[in-house]
Amino acid sequence: MQIKILRSKTNSHQLYSLPAGEIPLLNALTYIKETQDATLTFSAGCRASVCGTCAVRVNGREELSCSYKVKPGDIIEPLQYHPVLRDLKVDKDKAKKTLLNATSWLQEPKEASLTHSDEKLTEKQTDCILCDSCYSACPVYAVNPDFLGPFALTRAYRYSVDKRENDAKPIIDNIQNNGVWDCTLCGECTAVCPKGIDPKMDITMLRSSSIQFGHSDPSFATQSFGTPDFGGGGFGFDPNAGF
Amino acid sequence: MIDVLIIGSGGAGLTAALSAKEAGASVLVVGKTYPTNSQTSMAQGGINAALGNVGEDHVSSHIADTIKSAHGLCNEDMVRQMCGDAPKTIEWLENLGVPFSRLDNDEQGKDTVAQRQMGGASAKRACYAQDYTGLKILHTLYDTCLKENIDFKDEHYLLNLIVKDGIVKGATFLNIRRGEVIQIDAKSVLLATGGYASLYHGFTTNAYGSTGDGVAAVLRAGGAVSDMEFIQFHPTALKHSSILISESARGEGGYLVNESGKRFVDELKPRDEVARAIFAQIKEEQRVFLDVRHLGEEKLMELLPQEIELCKIHEHVDPAKELIPIKPVAHYTMGGIDVDYALEVNGIKGCFAVGECSNAKVHGANRLGGNSLLEIIAFGRFAGENAYKHSIYASSKPADSTQKEKDSTEIKALFSQEDTSNFYPYRESLGDIFYGKVGIVRENAQLNEALDEVISMQIVQKEMGISDKNQTNNQNLIDFLEFKNALLLAPTIISAAIARDESRGAHYKVGFENENDALKKHIVLQWKKEETCK
């Protein structure tokens, strides 16, 4: 079987031959590196879908190399919206910075009485392995490179609803700019997550919390008809709205 | 100059960073990957603490179980400290926000944490977060490190410790992205670099990078290592991929059966005994399986969601309906850097070691499931504090650049070396040698063969090298440096195994099937000064 891999030095797809058989892509990459081409560069770790190191794009879709079964004709490329360091290896520094900007941690911890249903509330969200698949699949980055993005917002949500959080307001405040309202709710992140996490739903939930904490959708505020006008002069609309 | 330089960014390193910083230290964490990529993410089953949330339990029982499993090779004071600190360790993690699995018991805080049975434990003692315990602890630690503004240097590969007159002064690293050697000066150095089970390449549950980089660096720098022969084999890894299926699968009621469908061992015995029982079946040409079908799909998805997925991907079986083919593979290294009561490396002052890379003598000849996560957190905090205390009175005069220049020259030589032979096949055969001859059941004749083969490989190593000559982001180079560390450690494991003419815990030798009281001691290895100066 043959597969194509995008090489950074030539910026072109290079064809590699593999023995027939159903193997994980990571085994194929390792086989190529060990026996054919030691210059092929990729990142890998645990082989068991839990360390978050080996995400790439296969035929335009994000996959963990260690769990994706390689097929003839597959085209392998690095994650999007990450600077490519070499071949399939990318620089994740900027993506990781979104966690810092989202302040996704317990702000003011307190002891709480947690139950099985509290555990279930964030069980999926805390399965996140920071593989950056969702970041790569998010179309918002094409227009806004400063977007906090799916995994940071999912993590912000996870802490904001934790019963041990005494004051979630700082988290909610910190995800307003380039945050929850910039998401288009397209669901690409949810579609590619190898752990079955649904960042789109988490972002929707965070929007509700934002409103509860006194924030509002900024696009709505600028495009709306201003504050309600119950009588008095004027025509009941703001002539500056939308400008 | 940095007070505490932490090398390794897994659970032990991150915990130590938080405690050193809390104590007042300036801290830098350097790792060869990103923090959340570490081996800690792979720990599944749980973290032990005698909380007694599910039935009666006592710290004294935890201590007794740990000592029993260690087969006389632990330091009972260290065990007492670790087990005694366990409840407050869980409280600390609870306070950071670790999303543990819960009971419905109307209690508060750590008293609501669910606990499960693990092998060799006399109570339901392992606190867990489904079968993602390590992952969820690791990520919560990382989030907390961001909160506390811990500084990180990712993608820096440890080359050597800088030691002058027996005192650590810092370390040298290869900046993987730029391909340059750098020196980091520090008053204290804390190693949290992980174990060396990846020597068993192809026959280990570990990630590729568990090559004992820190253990090898300590040996080169004149420090001591001990108990290197004690390698834990996990009874249940997937047969074809060596991917781990957590002990909790048996803790929750899974059976081990042979191909005639017969159970052949008490599944909840300690790992060494279960691994040997499986090995004996395999020797009799029986295939061995883990059977969890009777638990039912709903319970499996609730308790072991990760395992079910991994079985489907890597073994093409649905555990709710089919048997899971398994074999025992190398999982954890009990031995490592020899440390004292304060976790300071014997032979290198100011250098501390914690986690799987160190031998704090709490696991002895056989580690209990759930005690490794406990060790990295409980002792990670202790090591961080001790490293800070050392830094207060340490000299702030930096070392000269001798080590850095020496390392730069060596790296440059690898780039200019021509006609090198490919080391990858050797990495594979090192794994084969170790699994075949330094495995679950050992024999002196085979161990001696293995030693000869490894020494020949060390001689051939001079002709091995890298074929990728790209300066930056050179993974071929990192793979080679890791392989060199593995190969450097190989004879220490085999020679200690040869010297131990007895069977104790994970070390089992044909012809010497019993414990020998005269050998109830640690085998400590240290390179002579002349050798380290070469």
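Not measured: the values here are computed from a predicted model. Every chain begins its residue count from 1, and numbering advances along the sequence as written. In the order they appear in the text, chains get letters beginning with A and ligands get numbers beginning with 1. Per-residue local features of the predicted model are confined to residues with pLDDT of at least 70, and side-chain atom pairs are confined, for both listing and counting, to 80 or more; whole-chain, interface and lining totals are unaffected and use all residues.

Caption draft 1: Local environment of the domain arrangement of chain A. Residue and element names in this part refer to chain A. What the domain assignment reports for chain A is domain 1 (2–90) and domain 2 (93–222). We call two residues in contact when their backbone-placed C-beta atoms lie within 7 Å. Facing 14 residues of domain 1, the contacting portion of domain 2 comprises twelve residues. Put simply, DSSP H or I for four residues or longer makes a helix, DSSP E for two residues or longer makes a strand, and each gets a number counted from the N terminus. When contributions to the side of domain 1 that touches domain 2 are tallied by element, the ones reaching two or more residues are β3 (55–58) and β4 (61–64). Here the side of domain 1 that touches domain 2 takes three residues from β4, the largest share from any one element. Residue classes follow a fixed rule: Ala, Val, Leu, Ile, Met, Phe, Trp, Tyr, Cys and Pro count as nonpolar, while Asp, Glu, Lys and Arg count as charged, and any other residue, Gly among them, counts as polar. A class-by-class count of the residues in the side of domain 1 that touches domain 2 yields six nonpolar, five polar and three charged. All the domain ranges listed were derived from an automatic or database domain assignment.

Caption draft 2: Structural context of the pairing of strand β1 (residues 2–7) of chain B. Residues and elements named next belong to chain B. With C-beta atoms placed from the backbone, the exposure class of a residue follows from how many other C-beta atoms lie within 10 Å of its own: 20 or more, buried; 12 or fewer, exposed; in between, partly exposed. Buried residues dominate β1, accounting for five of its six residues. Where β1 and strand β9 (residues 180–191) come together, five bridges link them in parallel fashion. Bridged to Val4 within β9 is Ser188. When β1 meets strand β2 (residues 27–30), the two strands line up parallel, connected through four bridges. Paired with Ile7 across the bridge in β2 is Val30. In terms of handedness, the path from β1 via helix α1 (residues 11–23) over to β2 forms a crossover that is right-handed. Strands were regarded as paired on the criterion that DSSP finds at least two bridges between them. Looking down the strands as they point away from you, a crossover is right-handed if its path from the first strand over the helix to the second goes clockwise.

Caption draft 3: Structural context of the sheet that holds strand β2 (residues 12–17) of chain A. Residue and element names in this part refer to chain A. On the basis of which strands lie adjacent, the open sheet formed by five strands has the order β2-β1-β5-β3-β4 and mixed pairing. Here the strands that pair on one side only, and so sit at the sheet edges, are β2 and β4. Taking the axes of each pair of neighbouring strands and ignoring which way they run, one obtains an average angle of 35° across the sheet. One ladder, built from two bridges, connects β3 with strand β5 (residues 75–77); its direction is antiparallel. In the sheet register, Val58 faces β5, and the bridge partner there is Ile76. In this description, a line fitted to the C-alpha atoms serves as the axis of each element, helices being fitted only across the stretch in contact, and the angle between N-to-C directions of two axes falls anywhere from 0 to 180 degrees.

Caption draft 4: Broad picture of the interface of chain B and chain A. Residue-level contacts link 44 residues of chain B with 42 residues of chain A. Elements with a minimum of two residues in the side of chain B that touches chain A: α3 (76–96), α4 (133–147), α9 (305–315) and α14 (475–499) of chain B. If you tally residues by element for the side of chain B that touches chain A, the top one is α4 of chain B, at seven residues. When grouped by side-chain class, the residues that make up the side of chain B that touches chain A number 14 nonpolar, 21 polar and nine charged.

Caption draft 5: Region of interest: the domain arrangement of chain B. Residue and element names in this part refer to chain B. Here chain B is described as being made up of domain 1 (235–328) and domain 2 (402–522). Here the C-alpha centre of domain 2 lies 30 Å away from the C-alpha centre of domain 1. Taken together, the contact between domain 1 and domain 2 spans five residues of the former and five residues of the latter. Looking at the side of domain 1 that touches domain 2, the element that brings in the most residues is helix α7 (residues 271–283), giving four residues. Broken down by class, the residue content of the side of domain 1 that touches domain 2 amounts to three nonpolar, no polar and two charged.

Caption draft 6: Quick peek at the nonpolar core. All names here are of chain B. Put simply, a nonpolar core is buried Ala, Val, Leu, Ile, Met, Phe, Trp, Tyr and Cys residues tied into one set by C-beta atoms within 7 Å. Leu161, Leu190 and Val354 are the most contacted members of the largest nonpolar core, which totals 224 residues. The element that contributes the greatest number of residues to this core is α14, accounting for 13 residues. Non-local contacts of Leu161, meaning those with residues more than four positions away in its chain, are made with Val168, Ala171, Val189, Ala217, Val218, Ala221, Ile348 and Cys351.

Caption draft 7: Representation of the sheet that holds strand β4 (residues 115–116) of chain B in the model. Residues and elements named next belong to chain B. Judged by pairing direction, the sheet is antiparallel, and its three strands sit side by side in the order β3-β5-β4 without closing on themselves. Looking along the sheet, the strands with just one partner apiece sit at the ends: β3 (47–48) and β4. Relative to strand β5 (residues 126–127), β4 runs antiparallel, the two sharing two bridges. Bridge pairing in β5 places Arg116 opposite Ala126.

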